[in-house]
Amino acid sequence: MKNLLNLCIVPVLLLFSFQKNSALGYLGNKTSGAEIRKEGKIVYLFFRTDKEASGKERIILQEKKVAEGKLKFSPSFDRSEVEAGDLIVILSDSGGKEIMKQLVKNPLHPEMEVYEKEGVSRKKIPLENAEFSVRYSYSEQIQTVRIEKVTESENQLLFTQKL
């Protein structure tokens, strides 16, 4: 009788212990899903630049996309890397205060690798039009985007738009 009682009680206790573990696992999955939703968003801005007949550059915001995710690192703006012709993308709040700056190498004169008899070399190729993109972590503070072209004397404002 004692053996029969042990054979019935042990499986019942094991069954209840497994059910508690699976219920805790299910609750754990719910919290991890909530963390995923809280993670953040990445905003992508896609631009097109054209060189007009007069030689002046024109920039158009083609598309804005927002995706779930988190940037592994934020692009930093290093003034020492800036060359004439490069673009500086400035993201600012509604009051005009700069929140973030990003450097975009001159999209109308990209540096390409050329394979010749002498070996591999780099040359800047002039283009009439090009596309480029910028990405940043979503923030409600960011309201406008400005793009300035770096020149020898001072920066030239090419584009301003509210987001």
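Predicted, not measured: the structure shown is a model, and the values here were computed from it.

Quick notes on the rules
Residues numbered from 1 in each chain as written. Predicted model: local features only at pLDDT ≥ 70, side-chain atom pairs only at ≥ 80, totals over all residues. Heavy atoms only, no water. Salt bridge = Lys/Arg side-chain N within 4 Å of Asp/Glu carboxyl O. Helix = DSSP H or I, 4+ residues; strand = E, 2+ residues; numbered from the N terminus. Buried < 20%, exposed > 50% of the residue type's maximum accessible area, 1.4 Å probe, protein only. Pairing = 2+ DSSP bridges.

Trainee: Mind laying out the pattern of salt bridges, listing which residues take part and the relevant values?
Mentor: All chains considered together, the criterion is met by 14 salt bridges. For Glu83, the salt bridge is made with Lys124, and the minimal N-O distance between the two is 3.5 Å. Taken together, the residues span a long stretch of sequence, with Glu83 in the loop between β2 (57–68) and β3 (87–92) and Lys124 in strand β6 (residues 119–124) at a distance of 41 residues. Judged by relative accessible area, which is 40%, Glu83 ranks as partly exposed. For Glu98, the salt bridge is made with Arg146, and the minimal N-O distance between the two is 3.5 Å.

Trainee: Outline the pairing of strand β1 (residues 41–51), listing residues and values.
Mentor: Bridge count between β1 and β2: eleven bridges; the pairing is antiparallel. For Lys41, the partnering residue across the bridge sits in β2 and is Glu68. Here β1 folds back onto β2, and the loop between the two strands holds five residues, one of which, Gly55, carries a positive phi near 100 degrees. Relative to strand β7 (residues 129–137), β1 runs antiparallel, the two sharing nine bridges. Within β7, the residue paired with Thr49 across the bridge is Ala130.

All quantities given are derived from atomic positions and should not be read as evidence of function.
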